[in-house]
Amino acid sequence: MTAIHPSILSADFANLAAELARIPSADAVHVDVMDNHFVPNLTIGLPVVEAIRRATDLPLDIHLMIDDADRWAPRYAQTGAESVTFHAEAAARPPQVAQDLRSCGARAAMALKPQTELAPHLNMLQELDMLLLMTVEPGFGGQSFIDAVLPKISAARRAADDLGGQVAVQVDGGINRETILRAAEAGADTFVAGSAVFGAADPDAAVTELRRLVG
Ligand code: DX5
Ligand code: ZN
């Protein structure tokens, strides 16, 4: 099922409640948590995520770009998030993290940076509800889609289909009206878009348009 997840990284952080009200058609809100260690940027932590949870009825898709995922990921699941994504590169025991997330009632998702190979992580797929393939280096919005990730998206789609199609394949970074077509053709079904949504005059129309293109 196609899903469009606007990233609030490109929204006005001083007016988050109002920004969330501008994307009623979104399938979920993508929330980027950065710690200035795993990535060279710093955003928000648990208190703000909890406030966002209270400010919208939309499901939250939390993308953790932080070290020590084993310790922190379950804490984010406890906020009532629909899904929590940790990075494979930041987790000591990915299967345990995934299990902890599900125990907290969240969908379990794992992310791979653009240069992280899929093959060594394929055996994790069966523990996951979603695999996120980063299509930019994590850390900043507004970067260009890396086409070299497309074969990895195709390989993930095949692996997910082999497991019965229950695992969503999400892409994040540089998604716009052009690149979403390439990502969808490669097999992605869940699309994060920050600047393409919140940089538009009408963010909700941008969400609807992205969905129409790949729907
Ligand atoms: C980048 C974040 C993305 C970011 C995407 O590290 O994970 O979610 O908001 O922004 P755009 O869509 O502008 O590339
Ligand atoms: Zn993200």
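Criteria and thresholds
- What you see as residue numbers is a count from 1 along each chain, following the sequence as written.
- Written order decides the labels, with chains lettered from A and ligands numbered from 1.
- Given that this is a predicted model, residues contribute local features only at a pLDDT of at least 70 and side-chain atom pairs are listed and counted only at 80 or more, while totals for whole chains, interfaces and linings are drawn from all residues.
- Each side-chain value is worked out from all heavy atoms of the structure, with water and hydrogens disregarded.
- Strands here are runs of E lasting at least two residues and helices are runs of H or I lasting at least four, both read from the DSSP assignment and numbered beginning at the N terminus.
- C-alpha atoms define the radius of gyration in this analysis, and the globule rule sets the expected value at 2.2 Å times the number of residues to the power 0.38.
- Buried residues are those whose accessible area, probed at 1.4 Å on protein chains only, stays under 20% of the maximum for their type, while exposed residues exceed 50% and partly exposed ones sit between those limits.
- Any two residues whose heavy atoms approach within 4.5 Å are treated as being in contact.
- The method behind every accessible area is Shrake-Rupley, applied with a 1.4 Å probe, and residues are considered shielded solely by the protein chains displayed.
- By salt bridge we mean one thing: a side-chain nitrogen of Lys or Arg within 4 Å of a carboxyl oxygen of Asp or Glu.
- Classification of ring pairs rests on two measures: the distance between centres of Phe, Tyr or Trp rings, Trp counted by its six-membered ring, which must be within 6.5 Å, and the angle between planes, read as stacked under 30 degrees, edge-to-face over 60 and tilted in between.
- Remark: a charge is flagged as sitting over a ring if the NZ atom of Lys or the CZ atom of Arg is within 6 Å of the ring centre and within 35 degrees of the ring normal.
- Two strands are said to pair when DSSP picks up at least two bridges between them.
- Here the axes come from fitting lines to C-alpha atoms, over the contacting stretch only for helices, and the angles between their N-to-C directions go from 0 to 180 degrees.
- The rule for donors is simple: an N, O or S atom within 2.8 Å of the metal counts, and for Na, K and Ca the reach is 3.2 Å. Water is not among the atoms, so a site may look short of donors.
- When four donors show all angles between 85 and 135 degrees the site is tetrahedral, when four or six donors have opposite pairs over 155 degrees and all other angles between 65 and 115 it is square planar or octahedral respectively, and in every other case it is irregular.

### Looking at the overall build of the protein
- In terms of regular secondary structure, the protein is built from eight helices and eight strands.
- For the protein, the C-alpha radius of gyration of 16 Å lies close to 17 Å, the compact-globule estimate for 215 residues.
- Counting only C-alpha atoms and orienting by the principal axes, one finds that the protein spans roughly 40 × 35 × 30 Å.
- The buried share of the protein, taken over its 215 residues, is 53%.
- For the protein, restricting intrachain contacts to residue pairs at least 6 apart in sequence, the fraction spanning at least 24 positions comes to 60%.
- For the protein, the accessible surface area stands at approximately 9200 Å², while carbon and sulfur atoms represent 48% of it.

### Structural notes on the pattern of salt bridges
- Under the defined criterion, the tally for this structure stands at seven salt bridges.
- Salt-bridge contacts for Asp-189 lead to Arg-157; the nearest nitrogen and oxygen are separated by 2.8 Å. Here the residue Asp-189 occupies a position in the loop between α6 (179-186) and β8 (190-193), and Arg-157 occupies one in helix α5 (residues 150-162), the gap between them amounting to 32 residues.
- For Arg-157, a relative accessible area of 16% corresponds to the buried category.
- One salt-bridge network, in which partners are shared between bridges, spans Arg-157, Asp-161 and Asp-189.

### Comments concerning the packing of aromatic side chains
- Scanning the entire structure with this criterion turns up zero aromatic pairs.
- Directly above the aromatic system of Phe-38 lies the positively charged group of Lys-113, at a separation of 5.1 Å from the ring centroid.

### Re the sheet that holds strand β1 (residues 3-6)
- The eight strands are arranged β1-β8-β7-β6-β5-β4-β3-β2 in an open sheet whose pairing can be described as parallel. Among the strands making up the open sheet, the edge pair consists of β1 and β2 (29-34). Averaged over neighbouring strand pairs, the angle between their axes works out to 20° when direction is ignored.
- Strand contacts of helix α3 (residues 69-77): β2, β3 (60-65) and β4 (83-87), with the helix running at about 165° to β4, the strand carrying the most contacts.

### What to know about the coordination of the zinc ion (ligand 2)
- Distances from the zinc ion (ligand 2) to its protein donors, His-30 (NE2), Asp-32 (OD), His-63 (ND1) and Asp-172 (OD), fall within 2.1 to 2.3 Å.
- For the zinc ion (ligand 2), the six donor atoms in the first shell make angles of 72 to 174° at the metal, a pattern classed as octahedral.
- Counting along the primary sequence, the residues that act as donors to the zinc ion (ligand 2) give the motif H-x1-D-x30-H-x108-D. Here His-63 lies in strand β3 and Asp-32 lies in strand β2, a separation of 31 residues in the sequence.
- Take Asp-32: its relative accessible area is 7%, and that puts it in the buried class.
- For His-63, a relative accessible area of 0% gives the class buried.

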